[in-house]
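The lines below spell out each chain.
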Amino acid sequence: MLVSINPADNKEIARYEEHSEHEVKNILVDSKTAFNSWKNTTFTERSELMRNAAAALKKNLEEHAKLITLEMGKPIKQSRAEVEKCAFVCEYYANSAEGFLANLNVHSDAENSFVSFQPLGTILAVMPWNFPFWQVFRFAAPALMAGNAGVLKHASNVTGCALAIEGVFRDAGFESMLFRTLKLPGSKVSSVIEHPAIQAVTLTGSGAAGKSVAQCAGRMLKKSVLELGGSDPYIILEDANLDDAVNACVTSRLINGGQSCIAAKRFIVIESIKEEFERRFVELMSQKAMGDPMDEKYDIGPQARTELRDELHEQVSESISRGATCISGGEVPEIDGAYYPPTVLTNVTKGMPAYDDELFGPVAAIISAKDEEEAIVIANDSDFGLGAAVFTQDIKRGEEIAANRLEAGCCFVNDFVKSDPRLPFGGIKQSGYGRELSHFGIQEFVNIKTVYRK
Ligand code: NAP
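In every chain, residue numbers begin from 1 and rise along the written sequence. pLDDT decides what is reported in this predicted model: residues at 70 or higher carry local features, side-chain atom pairs at 80 or more are listed and counted, and totals for whole chains, interfaces and linings draw on all residues regardless. Side-chain numbers here rest on the full set of heavy atoms in the structure, without hydrogens or water.

Student: I keep staring at the overall build of the chain and nothing clicks. Help me out?
Tutor: For the chain, the helix and strand inventory stands at 15 helices and 20 strands. Only the C-alpha atoms count toward the radius of gyration. The rule for a globule is 2.2 Å times the residue count to the power 0.38. Since a compact globule built from 454 residues should have a radius of gyration of about 22 Å, the 22 Å found for the chain is in line with a globular shape. Out of the 454 residues belonging to the chain, those deemed buried represent 57%. Whether two residues are in contact is decided by their heavy atoms, any of which lying within 4.5 Å being enough. If you take every contact in the chain between residues at least 6 apart in sequence, the share linking residues at least 24 apart comes to 72%. All accessible areas in this document rest on Shrake-Rupley with a 1.4 Å probe, and a residue is counted as covered only by the protein chains that are shown. In the structure as shown, the chain presents an accessible area of about 18,600 Å², 50% of it carried by carbon and sulfur atoms. Taken together, the 47 basic and 62 acidic charged side chains of the chain have centroids lying 6 Å from each other. Think of it this way: any DSSP run of H or I at least four residues long counts as a helix, any run of E at least two long counts as a strand, and we number them from the N terminus. For the exposure calls, accessible area comes from a 1.4 Å probe over protein chains only, and a residue counts as buried if that area is under 20% of its type's maximum, exposed if over 50%, partly exposed in between. Only four residue types enter the charge count, namely Lys and Arg as positive and Asp and Glu as negative; His and the chain termini do not. Throughout, a charge is located at the NZ atom of Lys, the CZ atom of Arg, the CG atom of Asp or the CD atom of Glu.

Next comes the structure, spelled out in structure tokens:
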């Protein structure tokens, strides 16, 4: 049984019967049949349906946004923005998929040689709860536009969102078996990957889930893409515009209650400006109001689940016991719901969870560095490599550090890291492999086929 619980009050919202083994097999077989007709449709036909999906998202924006907030607790304004972004990615691929997948002429010894991009079949998407609509649409829009079918295994606490997304595609006019939700726990994912109808798998989630999926996909010789965790470092150099830097850092640390893979997590500040940075940072963090995520006036809702909130608090306590100083927040409030306040830890050093691990919640770790070189070493001293940012008024210096020195998939200068359908998104090291979004994303799940005529 999959259970949705409202993290704002810990009350049950709904229970969903899992799909049986037999039902899963039927869905996968039907998905293959749907793929066999879909792969022959034109880009014009696919684009029309994908634009309908964007329209369906916008038409029911409020309803979808409320469901997101109810199931995982993000502030309602952020849920609305998430649904709008989903409509944008649908429109983006409706407009650009044909160009991204057009034949590519290549000069060779042949009379004519070119690369053609063909769909693979049914792709399994294993998705997390933190952006329950966005994570799915950023996979589904390119995958379907490329001519593939999709099956979604969503996080068990957002089954309502999973079913609503299935409904969006159905209402848009897609054949009902082309995009399906499987109601299954994570422990049953391997048996889906093993099914012959599945050609590839993409997972967004934790490293542990990523390893399990990659192992199974490897054993079955099926392609996989992994978008995993991050501990994004933000370097604040001595010549940064501090107001802008603090604003970007706090926004990034608190968005989605701090539960974003690309949230800023480690703030590496040059010693000479550390005191002033800390003062302004704590001031802004403490101004952010935490409360009922359905109420427009709050910036932070609860964490998505109580046990995740408790794990976060353990990481904070462990960091403090190893020498970090808590200068704001750090206490579990005595109210119903999975709330955790904006928290700032300073004097963070290697060997503490706040330095070594991912803190998936509104907790900032401030680390000091004596100069730029040391800051870069600290930034790269991580198992993760998803996003990173550097703040400096010397634009050339910033771009040089972002392009050549930081070990991460998405490096920003003077802004916080964000995903944009027009730019590739993904990580290196323990943050995963493969890319989503842009033309790189749509080319992950296609057969890049060489055609050679003598
Ligand atoms: P999670 O526990 O790994 O869950 C993610 C998905 O994987 C869920 O659908 C889950 O199903 C499933 N799953 C769990 N264990 C599995 C296993 N052994 N085999 C197959 N599937 C399994 O992660 P989460 O707590 O939901 O999300 C937080 C993590 O995701 C963070 O580390 C965050 O950084 C990362 N994330 C990364 C990105 C990115 O783009 N790089 C974006 C968002 C989040 P159940 O719910 O049924 O367990």
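Picking up where we left off.
Student: Before we go on, may I ask you to explain the site of the ligand in this structure?
Tutor: With respect to spatial proximity, 29 residues lie near the ligand, and among them R138, S156, S206, L228 and E358 are the closest. Polar contacts, as used here, are pairs of N or O atoms within 3.5 Å; protein pairs need one atom able to donate a hydrogen and one able to accept it. Residues neighboring in sequence count only if both atoms are side-chain atoms. Between S212 and the ligand, the recorded distance is 3.3 Å, taken from a side-chain N or O atom to a nitrogen atom. Taking 900 Å² as the accessible area of the ligand by itself, protein coverage stands at 84%. Contributions of two or more residues to the shell around the ligand are made by helix 5 (134-145), strand 8 (198-204) and helix 8 (207-219). At three residues, helix 8 tops the list of elements feeding residues into the shell around the ligand. Residues are labelled near a given molecule or strand when at least one of their non-hydrogen atoms is within 4 Å of it.

Student: Please clarify how the nonpolar core should be interpreted in this entry.
Tutor: Nonpolar side chains in soluble globular proteins tend to end up buried together. The definition of a nonpolar core used throughout is a set of buried Ala, Val, Leu, Ile, Met, Phe, Trp, Tyr and Cys residues joined through side-chain atoms within 4.5 Å. Formed by 144 residues in total, the largest nonpolar core has its most connected members in I236 and F267. For this core, the domains that each give at least three residues are domain 1 (2-228 + 429-453) and domain 2 (232-413). If we skip the residues at most four places from it in the chain, I236 touches L242, A245, C249, F267, I268, V269, I270, I273, F277 and F391. Residue ranges for the domains trace back to a domain assignment, done automatically or taken from a database.

Shape is all these values report; function is a separate question.
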